[in-house]
Amino acid sequence: MEWDAGELESHLPSLQALARYKYDEYVRFEPGRRFIESLTTWLGQFDTKAERTVALSVLQRRLVFVSEREMRHLVRSLYDHHLKPALRERAAEETGLPRYVVRQIESSREFQELGRRTLYLALSDGARIGELRRNTRGLSNEQVFQAYQVSTEKFSAMRKALRSDLDVLGSDAPATFQSVVLVDDFAGSGKSILRTEPDGGSTGRLQNFADIMTANPNLFDGDKTSVTICLLIATSQAEAHLRASLESFPSPPWAETPRIVIVQKLTASDRIDDDSEPEFAAILRDRYRCRVLFDENKAVGGDADSYIFGFGACGLMLVLPHNTPNNSVYLLHEERGHYVPLFPRADRFVQ
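Bear in mind that the values here come from a model prediction, so they are computed numbers and not experimental data.

A. Representation of the nonpolar core within the structure. If you look at the biggest cluster of nonpolar residues, it comprises 35 residues, and the most contacted ones within it are Phe35, Leu39, Trp42, Leu59, Phe280, Leu332 and Phe343. At the level of secondary structure, the elements contributing two or more residues to this core comprise α1 (5–21), α2 (35–43), α3 (49–62), α11 (278–287) and α13 (330–333). In terms of residue count, α3 provides more of this core than any other element does, five residues in total. Filtering out sequence-adjacent residues up to four positions away, Leu332 remains in contact with Leu59, Leu63, Met317, Leu318, Val319, Thr324, Pro341, Leu342 and Phe343. One finds Val150, Phe220, Ile229 and Trp254 within the second-largest nonpolar core, a separate group that totals 34 residues.

B. Main features of helix α8 (residues 152–168). Over its 17 residues, α8 runs 25 Å from end to end, which matches the ideal 24 Å to within 8%, given 1.5 Å per residue. Among the residues of α8, those classed as buried are Phe155, Met158, Ala161, Leu162 and Leu166. One side of α8 carries all its buried residues, which in axial view fall inside an arc of 135°. Relative to its buried face, α8 has exposed residues pointing more than 90 degrees away, namely Glu153, Lys160 and Val168. On the buried face of α8, the contacting elements are α6 (109–116), β2 (118–122), β3 (144–145) and α9 (205–215). A positive backbone phi angle near 75° is found at Gly170, which sits one or two residues after α8.

C. Structural detail: the environment of Leu182. Relative to the helices and strands, Leu182 is located in strand β4 (residues 179–187). With a relative accessible area of 0%, Leu182 lands in the buried category. C-alpha separation for the pair Leu182 and Ile233, spaced 51 residues apart in sequence, amounts to 14 Å.

D. Local environment of the pattern of salt bridges. Counted according to the given criterion, the structure contains 17 salt bridges. For Asp221, the salt bridge goes to Arg117, with nearest N and O atoms at 3.8 Å. Taken together, the residues Asp221 in the loop between α9 and β7 (226–235) and Arg117 in the loop between α6 and β2 connect sequence positions 104 residues apart. In this structure, Asp274 engages Arg285 in a salt bridge whose closest nitrogen and oxygen atoms are separated by 2.6 Å. Of the two residues, Asp274 sits in the loop between β8 (259–266) and α11 while Arg285 sits in helix α11, which places them 11 residues apart along the sequence. Bridged by salt links that share partners, the residues Arg61, Arg62 and Glu277 form one connected network.

E. A look at the side chain of Arg117. A residue is classified by how much of its surface remains accessible, and Arg117, at 4% relative accessible area, is buried. Beyond its immediate sequence surroundings of up to four residues, Arg117 is in contact with Leu162, Leu166, Ala173, Pro174, Thr176, Phe177, Gln178, Ser179 and Asp221.

F. View of the packing of helix α4 (residues 68–95) against α6. The geometry of α4 relative to α6 is characterised by a closest axis approach of 9 Å and an angle of 135° between their N-to-C directions. Relative to α6, the element α4 lies oblique. In this structure, α4 crosses over α6, and the sense of that crossing is right-handed. For the pair formed by α4 and α6, the contact residues are Lys84, Leu87, Arg88, Arg90, Ala91, Glu94 and Thr95 on the first element and Glu110, Phe111, Leu114 and Gly115 on the second.

Cut-offs applied
The residue count restarts for each chain, going from 1 along the sequence in the order it is written. Whole-chain, interface and lining totals are the exception, using all residues; otherwise, since this is a predicted model, local features are given only for residues with pLDDT of at least 70 and side-chain atom pairs are given and counted only at 80 or more. Side-chain calculation: all heavy atoms of the structure are included, whereas hydrogens and water are not. Throughout this description, the term nonpolar core refers to a set of buried Ala, Val, Leu, Ile, Met, Phe, Trp, Tyr and Cys residues connected via side-chain atoms within 4.5 Å. Each residue is assigned to one of three classes by its accessible area relative to the maximum for its type, calculated with a 1.4 Å probe on protein chains only: buried under 20%, partly exposed between the two thresholds, exposed over 50%. The way it works is that DSSP assigns letters per residue, a run of H or I at least four long becomes a helix, a run of E at least two long becomes a strand, and they are numbered from the N terminus. Contact between two residues is taken to exist if any of their heavy atoms lie within 4.5 Å; hydrogens are not considered. Here, expected helix span is obtained from the residue count minus one, scaled by 1.5 Å. To be clear, the arc concerns the directions from the helix axis to the C-beta atoms. The salt bridge criterion pairs a side-chain nitrogen of Lys or Arg with a carboxyl oxygen of Asp or Glu, the two atoms within 4 Å. A fitted line through C-alpha atoms serves as each axis, taken over the contacting stretch for helices, and the angle formed by two N-to-C directions is quoted from 0 to 180°. Roughly parallel refers to an angle under 35 degrees, roughly antiparallel to one over 145, roughly perpendicular to one between 65 and 115, and oblique to any angle outside these ranges. Crossing handedness follows the turn of the near helix against the far one: under a right angle anticlockwise gives a left-handed crossing, and clockwise gives a right-handed one.

Structure below.
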């Protein structure tokens, strides 16, 4: 950075404090390298002090690093603050009880039956659904699974356990799931969950799950089955995309449009673009074009020019404790094409 003693004293303590408090816990740093070491090499790829100053300024002001502790808090908030109230409202309607008699509603057979007839599935390996199960009292192992693609044998075991638990409740309800909760840790553009293909059909994890519902009618409550998409972190861009895509979903196996729950939403104010950070955007566009990195998978999110702001042009400066989303600006995580990443990313899929 070519800092003098005064500048060094001004900047270094805060950077070291942030490193100790959060950034050093990023799991994809190499042995012997943490945030300060990674920051040094990252800044070294810029040609001038002016560029390094702009990059560091954007980093200090705009980086959103979600710590492991914060991710756990989001998981624990999901059921109590978003899912349980919906179950309680449905149970109140079935029992005819006023919504304010919370304890009476939650003690009712209807509430317990609704809760047991809810299936929880992970949309990705980062969904933390195991942590959701461990921190939610009353969830059965046989109603929670680490993926949305479930084998026939597992479905059979789930249904057998459901029948047994309903009998214990004294319920003659069918051993089918009337609610499905699909959980994921993050959505930037929403296109990995659902998107429209050039031929007019749909693809993505929700389409795959819809196919599973259609192929296993004995496990679900037919078109009465309600579906909730739960995202621990998501952008308003992803929310808008999903709502529009759900409205045009071809031949859905559910009657009501799936509900979208976002525990922590990132808004337009969290985006990097030409208007919000013009100097940094100029560096991204004019000096570090990434066409050499562009391929057919990235083309799902837009053209090569838009990818300078990440997949889907989301323009995020977001880092999760286990990985950096590809929706973040490429200079934050990209290491192919002779780029030096600040937070190295492990490729998984489009977000």
